[in-house]
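Listed below, chain by chain, are the residues.
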Amino acid sequence: MANLTLPYPGYNWQLTQHMGMVDSASLSALLEAADLFKGAPDFSQCVSSYMANLSMFSENIRSDSGRSDTWRDYQQILSELGLIVSTTLTSTLNLNITPAGLLFLDGEMSYSEMMATQALRYQYPNGYKGIPNQAKAYAQARGINKRWMLDKTHGVRIKPAVLIIRTLLALYEENPTNAVLTAAECATALVPVKNHDNPLLGYENLKYIRANGVLTHDQVLRRSCAEWFSLLLQTGLAIGGRQELRLSQYAIENLFQIDDICSIHETNQDEYWFPKGQESDSFDWFVYYGSPDTSTMSQHVEILSPIQGDGFTIDHTEIISGTTSGDLRLVDFSTPPSSPSFNPNINERHYSPDAIRLGIQRRTKAGRRHEELVGIARQRMIEADFKVFKSDAVDLLGTRDDKCLIVEAKTITKKNLVSQTRKGLMQLGEYRYRYLTEAEGHQKPETLLLLSSKTSYEQWRIGFMESIDIGCANINPDNTFSSCVSREIANSIFQYTS
């Protein structure tokens, strides 16, 4: 006999109502903006202006301020996913991006893998969610003031995404052509399930309600399930919509792997957050949830697979459009802007498990090397009497009399040499064009791709760079420079040794 009774009155799977607004571009931009402007006194305004320029998220004009406040409206998405510590616990001047957020921000985890990892790990009880409005009177009557206490008292220890995926797996095994779950069915059959002791209980409840025509009319439960569906649509594990969900082709092709991951979450005690005492600090939740274990980061959910042909690799995907985020407005290095002021010591990158830390350190090491490379090149340009500028887009732009040089610096390895070269050449072509049009440059600028290490390019690639009039050089261990595609202005500045 199915048990469709909720663990306690007013219980639901709370999730931010903005989850339906999430996609790869908007979430990436929001987290990048948070990282970019952390420490700024007018942080919220900076983030909102940045996002408005990218035309991301709806512009919600607030009645209290008369202006849009994207950060205030949507920052809870980042904390809900464990990418930042909730700003109810920290000020924006001390914004704390978690290891999970850094993994995503630094490109160590793809969007779909990050979403799958965090969705499957999300659980009740947790230290972030407050008591549902419908349950407050019930909790107050029992002297309970925290959601996690209420859940723990009633034996709740559930991961909604795991339960949903497990139910879809069972439906697919039963009938692959009709393995569909609706939000109303989820609210009726799955939300009452308190734990994973019987992984198929949700599926058994579902069979019962279908056989007996039972569906809840509780709109709060239905809405919360719709938000969970929205989240799962971003993981690569499911397709459909907010009201109806089914397994994705990726999940179908990897049924055994997905089953194993669900089993880890259902049975591994180390994969649960346990409250510490009666007044467990909410930071505990973000320490746990913001630091994923590598054993549950094994999804590698990449929907698009490359098609090989004639020596080229082509991504088989839909045509996408985007907005250039880099600002070409140049700022003189000698007179940097005084506002907003940033505290360089705020939000130092702290890493948790070694397996995560090492991955991020590879990226931060490359970042430091990039800044060192830019710094050395900048000094050489200044010593050559060039007036040097920077912008959000351009690494370096130097002018002297009627001469102009744009430099794009790239840190390279054997693995990323080709991709970094392609990216750098495309950026330089764009910057050269935009300088002539937006910055009203009177002289066509010389362009230089500056690499962190010496490389051996194929002759055709060198010929290609010559044909598009872009120079290429590298820095040597002794801080001298060498060139494989020489150009007049760059040569006079860097005085190539070869």
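Heads up: the structure comes first, above all this text.
What comes next is a walk through the structure.

Reading guide: rules and limits
Residues numbered from 1 in each chain as written. Predicted model: local features only at pLDDT ≥ 70, side-chain atom pairs only at ≥ 80, totals over all residues. Heavy atoms only, no water. Core = buried A, V, L, I, M, F, W, Y, C linked by side-chain atoms within 4.5 Å. Buried < 20%, exposed > 50% of the residue type's maximum accessible area, 1.4 Å probe, protein only. Contact = heavy atoms within 4.5 Å. Phe/Tyr/Trp six-rings, centres within 6.5 Å; stacked < 30°, edge-to-face > 60°. Helix = DSSP H or I, 4+ residues; strand = E, 2+ residues; numbered from the N terminus. Pairing = 2+ DSSP bridges.

### Concerning the nonpolar core
And then number 1: Judged by nonpolar contacts, the single largest core of 95 residues is most densely connected at Trp13, Leu27 and Ile164.
And then number 2: In contact with Trp13, not counting residues within four places along its chain, are Tyr124, Ile158, Pro160, Leu163, Ile164, Cys186, Leu190, Val191, Ser224, Cys225 and Trp228.
And then number 3: In terms of nonpolar packing, the next biggest core, distinct from the first, is built from 22 residues, Val374, Ile376, Val388 and Ile489 among them.

### Side note on the packing of aromatic side chains
And then number 1: What the rule picks out here adds up to 16 aromatic pairs.
And then number 2: With a centroid separation of 6.2 Å and an interplanar angle of 10°, the aromatic rings of Tyr8 and Tyr138 are classed as stacked. Within this pair, whereas Tyr8 is found in the segment before α1 (24–37), its partner Tyr138 is found in helix α6 (residues 136–140), the two being separated by 130 residues in sequence.
And then number 3: Exposure remark for Tyr8: the relative accessible area of 2% places this residue in the buried category.
And then number 4: Relative to Phe286, the ring of Tyr128 lies with its centre 5.4 Å away and its plane at 70°, an arrangement referred to as edge-to-face. Residue Tyr128 is found in the loop between α5 (111–121) and α6, and its partner Phe286 is found in helix α14 (residues 283–289); the two are separated by 158 residues along the sequence.
And then number 5: With relative accessibility at 2%, the residue Phe286 sits in the buried group.

### A short note on the pairing of strand β9 (residues 403–410)
And then number 1: Where burial is concerned, most of β9 is hidden: 7 out of the 8 residues are buried.
And then number 2: Across 5 bridges, strand β8 (residues 396–400) lies against β9 in antiparallel orientation. Each residue of the ladder has a partner; that of Thr399, found in β9, is Cys404.
And then number 3: Connecting β8 to the antiparallel partner β9 that follows it, the hairpin turn spans 2 residues, and Asp401 within it adopts a positive phi of roughly 55°.
And then number 4: Sheet topology note: the β9/strand β10 (residues 446–451) ladder contains 6 bridges and is parallel. Bridge pairing in β10 places Val407 opposite Leu448.

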